[in-house]
Amino acid sequence: MSGDALSSDWAPTFAAVPRSAFLPERMWPFDMGAGKSVAISKRDDPAAWMEYADSDVPIVTQWDDGAHNGAEPGEVSTSSASMPSVVFRMLRDLDVQPSHRAMEIGTGTGWNAALLAHRLGAQNVVTIEVDGTVAEQARTALERFGLPARVVHGDGFKGFQEGAPYDRIIATCGLRFIPFAWVQQSQPEGVIVAPWGTHYSNGDAVARLVVTDDGESATGAFTGPVEFMKLRAQRRPPVDHDEYVTGSVADGDESSTDISETEFIGEQFGPQRFALGLRIRNCCHTVAEKHDGARPVWFYGLDDRSWACVMFRDGKNARVWQFGPRRLWDEAEAAFRWWEGEGKPGHERFGLTVNAEGQSVWLDDPADSWPV
């Protein structure tokens with residue numbers, strides 16, 4: 001396994017519970033060299049199938065909420081088996097102990113639930129899956145492997161009160177809002193681990209929240225960047241560019257900025273995009289492909305039709321156009337300057353708090369938070 005080395009407490013479990021036991025005959029692993037998902041059939045090429053099953057790559061197991069039946073990849077990946085290194089990192093953050101009861105949101109193949117069941121006993125693990133077909137396939141795989149954790153077909157956003165209280169809760173789907181129901185269904189000092197982010201980008205960070213002794217809230221820092229398929233109820237509908245920009249980009253108010261492309265965009269899993277998403281509410285952005293030394297970055301308001309475009313060009317100050325009641329580039333530039341002024345903090349300096357009133361984020365100190 002690449003990335004983090006397995007700890008001594010989890011190594012026997014990962015050895016005893018291989019991911020291959022929970023993967024379907026046809027699957028779509030992400031080929032790192034090709035930069036895309038590829039179709040692999042165990043029947044047609046068992047050696048390649050097993051090589052991908054044992055590799056540290058994500059593997060799509062369902063497209064388009066099950067509507068896709070072809071051999072080639074579909075439009076939108078909707079269920080998967082995560083990279084083993086990511087699975088380990090999140091289970092390490094969960095810090096399970098003997099006799100703990102755990103709830104998982106997002107059963108998928110059932111592999112993550114099987115790992116938990118191996119450590120805690122199947123009777124102490126409940127896993128919730130919104131897709132009935134996926135839930136049944138996971139239930140069958142868990143029973144076949146001899147780790148029959150309870151698989152519930154339902155809405156994981158609501159949790160599962162029947163099995164509460166839980167010592168540990170883990171989500172294997174990206175969240176934009178962590179429900180207070182999970183806090184209510186946790187033991188005092190229980191731990192909630194979930195990928196969380198904003199609609200600004202698809203990137204998430206793993207939130208590790210600890211429930212307070214009075215059960216009134218849960219708070220904690222992020223442990224690092226990840227990217228997960230989003231909880232179905234929290235998916236952002238695709239943005240239709242033509243509904244925003246109905247004429248020419250020249251219809252927007254023009255200005256410029258001296259922020260460079262490299263400074264603003266950063267790396268795919270760098271902290272810039274995550275941090276800006278915490279400061280620019282109800283906005284998403286798109287980084288276009290670079291062509292002839294120019295790269296446009298678009299911003300779209302999610303509560304109105306405001307838009308902005310910054311055109312980065314090699315060796316020149318970027319041009320900016322903004323349109324609508326919100327000055328989205330002004331907001332983005334202010335957020336970037338704030339992040340820069342705070343010392344360019346990484347994911348681990350940010351944190352999240354969830355209570356009955358909603359959720360808020362913070363930098364370094366939970367007492368100095370703001371709503372998202």
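Details of the structure are given in the entry above.
Residues numbered from 1 in each chain as written. Predicted model: local features only at pLDDT ≥ 70, side-chain atom pairs only at ≥ 80, totals over all residues. Heavy atoms only, no water.

Draft legend 1. Expanded view of the overall build of the protein chain. A tally of regular secondary structure across the protein chain gives ten helices and 20 strands. Scaling as 2.2 N^0.38, a compact globule of 372 residues should have a C-alpha radius of gyration of about 21 Å, and the protein chain matches this with 22 Å. Its C-alpha atoms give the protein chain principal-axis dimensions of roughly 65 × 55 × 35 Å. Partitioning the intrachain contacts of the protein chain with sequence separation of at least 6 by distance along the chain shows that 59% fall at a separation of at least 24. Split by element, the accessible area of the protein chain, about 16,600 Å² in all, is 48% carbon and sulfur. Between the averaged position of the 34 positive side-chain charges in the protein chain and that of its 54 negative side-chain charges there is a distance of 2 Å. (Helix = DSSP H or I, 4+ residues; strand = E, 2+ residues; numbered from the N terminus. Rg over C-alpha atoms; globule rule 2.2 N^0.38 Å. Contact = heavy atoms within 4.5 Å. Areas by Shrake-Rupley, 256 points an atom, 1.4 Å probe, with all protein chains shown as cover. Lys, Arg positive; Asp, Glu negative; His and termini not counted. Charge placed at Lys NZ, Arg CZ, Asp CG, Glu CD.)

Draft legend 2. Broad picture of the pairing of strand β6 (residues 102-105). The side-chain alternation of β6 yields two buried faces, one formed by A102 and E104 and the other by M103 and I105. Where β6 and strand β7 (residues 125-129) come together, four bridges link them in parallel fashion. Looking at the pairing, E104 lines up with T127 of β7. In this region the chain leaves β6, passes through helix α4 (residues 111-120) and returns to the parallel neighbour β7; the handedness of that crossover is right-handed. (Buried < 20%, exposed > 50% of the residue type's maximum accessible area, 1.4 Å probe, protein only. Pairing = 2+ DSSP bridges. Right-handed = clockwise from strand over helix to strand, strands pointing away.)

Draft legend 3. Structural context of a negative patch on the surface. The grouping of E189, D213, D214, E216 and E357 at the surface amounts to a negative patch. Summarising the element assignment, D214 is placed in the loop between β11 (204-211) and β12 (217-226). (Patch = residues over 30% accessible without salt bridge, like charges linked within 9 Å, V, L, I, M, F, W, Y side chains within 5 Å. Salt bridge = Lys/Arg side-chain N within 4 Å of Asp/Glu carboxyl O.)

Draft legend 4. Representation of the sheet that holds strand β8 (residues 150-153) within the structure. The strand order across the open sheet formed by ten strands is β8-β7-β6-β9-β10-β11-β12-β18-β19-β20, and the pairing between neighbours is mixed. The strands lining the two open edges of the sheet, one partner per strand, are β8 and β20 (369-371). When the angles between neighbouring strand axes are averaged without regard to direction, this sheet yields 20 degrees. (Axes fitted to C-alpha atoms, helices over the stretch in contact; angles between N-to-C directions.)

Draft legend 5. A look at the sheet that holds strand β16 (residues 307-313). Spatial strand order, β13-β17-β16-β15-β14: five strands in an open sheet with antiparallel pairing. The open sheet has two free edges, formed respectively by β13 (253-257) and β14 (283-287), since each of these has just one partner strand. Between one strand axis and the next, the sheet turns through 20 degrees on average, direction left out of account. Sheet topology note: the β16/strand β17 (residues 316-323) ladder contains six bridges and is antiparallel. Bridge pairing in β17 links W307 to F323. On top of the sheet, helix α10 (residues 328-341) reaches β13, β14, β15 (294-301), β16 and β17; it is set at about 105 degrees to β15, its chief contact.

Draft legend 6. Layout of the packing of aromatic side chains. Overall, the coordinates contain 21 aromatic pairs when judged by the stated rule. Taking the centre distance of 6.2 Å and the plane angle of 80 degrees together, the rings of F14 and F88 count as edge-to-face. Of this pair, F14 sits in helix α1 (residues 11-16) while F88 sits in helix α3 (residues 84-94), and the two are 74 residues apart along the sequence. Taking the centre distance of 6.3 Å and the plane angle of 15 degrees together, the rings of W298 and Y300 count as stacked. For the pair W298 and Y300, a shared accessibility class is recorded, and that class is buried. Feature note: the residues W196, F222, F274, W338, F350 and W370 constitute an aromatic cluster, connected by ring pairs. The ring centre of W49 lies 4.5 Å from the NZ or CZ of K42, which sits over that ring. Geometry around W338 places R279 over its ring, the cationic atom sitting 4.0 Å from the centre. (Phe/Tyr/Trp six-rings, centres within 6.5 Å; stacked < 30°, edge-to-face > 60°. Lys NZ or Arg CZ within 6 Å of the ring centre and 35° of its normal.)

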